[in-house]
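# Chain and residue survey
These are the residues of each chain, in order.
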2 protein chains.
Amino acid sequence: MKPHGKVEFVKVVTKSSTVEDYVKVIYAFTEWQDKAITSSQLAVRLGVANSSVSEMVRKLKEQGLVHHQPYSAIKLTERGTVLALAMVRRHRLLETYLMRELGYGWDEVHDEAELLEHAVSDKFIERMSSKLGHPQRDPHGDPIPAPDGTISLPDATLLSLLDAGHRGKITRISDDNPELLRYLAHQDITLDADIEVLGQRPFGGSLMVRIGSGTDTADFDVPEEVSSALWVESTHPHADCTLT
Amino acid sequence: MKPHGKVEFVKVVTKSSTVEDYVKVIYAFTEWQDKAITSSQLAVRLGVANSSVSEMVRKLKEQGLVHHQPYSAIKLTERGTVLALAMVRRHRLLETYLMRELGYGWDEVHDEAELLEHAVSDKFIERMSSKLGHPQRDPHGDPIPAPDGTISLPDATLLSLLDAGHRGKITRISDDNPELLRYLAHQDITLDADIEVLGQRPFGGSLMVRIGSGTDTADFDVPEEVSSALWVESTHPHADCTLT
DNA sequence: TCTTTAGATTAGGCACATCTAATTCAGAAA
DNA sequence: TTTCTGAATTAGATGTGCCTAATCTAAAGA
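Residues numbered from 1 in each chain as written. Chains lettered and ligands numbered in written order. Predicted model: local features only at pLDDT ≥ 70, side-chain atom pairs only at ≥ 80, totals over all residues. Heavy atoms only, no water.

Moving on: the protein's contact with DNA strand D. Around DNA strand D, a shell composed of 21 residues is seen, among which Ser16, Ala49, Ser51 and Ser52 of chain A together with Ser40 of chain B lie nearest. The side chain of Glu55 of chain A places a nitrogen or oxygen atom 3.1 Å from a base nitrogen of DNA strand D. Those elements that place two or more of their residues in the surface near DNA strand D are helix H1 (17–31) and helix H3 (50–62) of chain A together with helix H2 (39–46) and helix H3 (50–62) of chain B. Looking at the surface near DNA strand D residue by residue, the class counts come to 7 nonpolar, 12 polar and 2 charged. (Near = heavy atom within 4 Å. Polar contact = N/O pair within 3.5 Å; in protein donor to acceptor, adjacent residues only side chain to side chain. Helix = DSSP H or I, 4+ residues; strand = E, 2+ residues; numbered from the N terminus. Nonpolar A, V, L, I, M, F, W, Y, C, P; charged D, E, K, R; others polar.)

Glancing now at unusual backbone geometry. Apart from glycine, the bulk of residues carry a negative phi angle, and the bulk of peptide bonds sit in the trans form. Residue and element names in this part refer to chain B. Backbone geometry places Tyr71, a non-glycine residue, at a positive phi of 70°. Its relative accessible area of 87% is what places Tyr71 among the exposed residues. Of note in this structure, Asp188 is not a glycine but carries a positive phi near 60°. For Asp188, a relative accessible area of 60% puts it in the exposed group. (Buried < 20%, exposed > 50% of the residue type's maximum accessible area, 1.4 Å probe, protein only.)

Okay, the interface of chain B and chain A next. With 18 residues of chain B at the interface, the matching set in chain A holds 18 residues. Buried area between chain B and chain A, summed over both chains or domains, comes out near 1,700 Å², and the portion from carbon and sulfur atoms is 53%. Area buried by chain B at its contact with chain A is led by Leu102, Phe124 and Arg127 of chain B, which between them contribute 33% of it. Across the contact surface, chain B and chain A share 4 salt bridges. On the surface where chain B and chain A come into contact, there are 13 residue pairs in polar contact (both at pLDDT 80 or more). Elements that contribute at least two residues to the side of chain B that touches chain A include exactly helix H4 (78–102), helix H5 (109–116) and helix H6 (122–131) of chain B. The element best represented in the side of chain B that touches chain A is H6 of chain B, accounting for 5 residues. Per-class residue counts for the side of chain B that touches chain A are 10 nonpolar, 2 polar and 6 charged. (Contact = heavy atoms within 4.5 Å. Buried area = accessible area lost by both parts, 1.4 Å probe. Salt bridge = Lys/Arg side-chain N within 4 Å of Asp/Glu carboxyl O.)

What follows deals with helix H1 (residues 17–31) of chain B. For H1 of chain B, spanning 15 residues, the distance from its first C-alpha to its last is 21 Å, which sits close to the expected 21 Å at 1.5 Å a residue. Those residues of H1 of chain B that sit buried are Val19, Glu20, Tyr22, Val23, Lys24, Val25, Ile26, Tyr27, Phe29 and Glu31 of chain B. (Expected span 1.5 Å × (residues − 1).)

In structure tokens, the structure reads:
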């Protein structure tokens, strides 16, 4: 058959690791609060100039991965969310695997996972997942999305926002500061530890908390830097909220 | 202190994954024979145009990774060899790990390792190596260089070059054709199997070989395509040759 | 309402790794 | 020795993702 008429050029969507990083960061920003990310926040998190973000966001929009009106915040589309969740799944499974199978420390897994998540195949990810028994949470307490993009977020609140008297257990620890993680590990402040807010020191000072249960408890003064990295799940039962 | 005089720009050597691929292929070409690789052979193996190789080789030379006179073959420098062996170590440890720990098949490991070798950290490689008990050979029989770049090559000969009557064991199976690997696995032709060359069919036909030992043997007609992918170590003891 | 200003976008370039097309070279053939 | 030919190199261009500098805009303050 002879070709006739006009030749059409179909734009092939390139899932470069840059694109993967952008959608991952856009997703991560909204995982634990509602506001959408702005251009400059995205730039800071990615370590690039504002102008780079503007340009890249235009490309992401062309590829149908984000919604964006000039001068306003950036939101993932359905397709963008699917890609982001796939990356989050990769990242969190890798972190879990590195700790459990290769003896990595709590504070070491993040950077390595960051490197690997763009390189491994889907087959690799699924093999890892079955070897680990299909875990639901990573070592920092973050939920691992299912292969189909389903994710269930625990009903957690930032420790720094809790009032005195509140009780619960530590359900998530932000993983983007290795030094903080080392400090917490050293203090035996771990995932799933029981925690009670005792009160706040005056003039915006540290938060006083009690960690542990029964007779095995210890009190700590927690500076804002730390309390804004810890999420607490209230002991009183509560409905889960599920995103798809 | 006020800056004065001329500002100097120091060229930072970028170990991009492209550079890693080039040195790896240059090294691999000379691993089992002596001739250095030419520009066009390199282009074929990397799947790029000749011109791309010319340009890239100039850059590799600038970085002190290769020796090269225009219009002649390309050789690795000391530094280039060190980098190449580091990549080879990565690749072969990854292949071994994927098979032993993640249930990958003989024919599946190559491509995955190709992706991972540029992404993993040295820490990851060394953790894998200890988990595996510091193996000396990968699943295809290729020797794994030590972290310091030492590698000991077995005294192996290409099956297609052996005369009738020669006996030995299969010590290496070229890993760059997954289909061939599947065929061999299906025929139970495996690493370390005993092999005897029975003769050659006339007019440049297949090689006739006997695989196995004692009473458990089987005869095969091996086409050139296959016999040039199998390496045999003579049963008669022989000195090892060691490269550094 | 007008002005200011911080944040976002466009303009113009650069580095990297690739391509096609044109050119040059080394070694074999005449 | 000269000619030819295939391999190697250079020239010029592309796409991606980044930068700085210049410009624009939306929303807050006067």
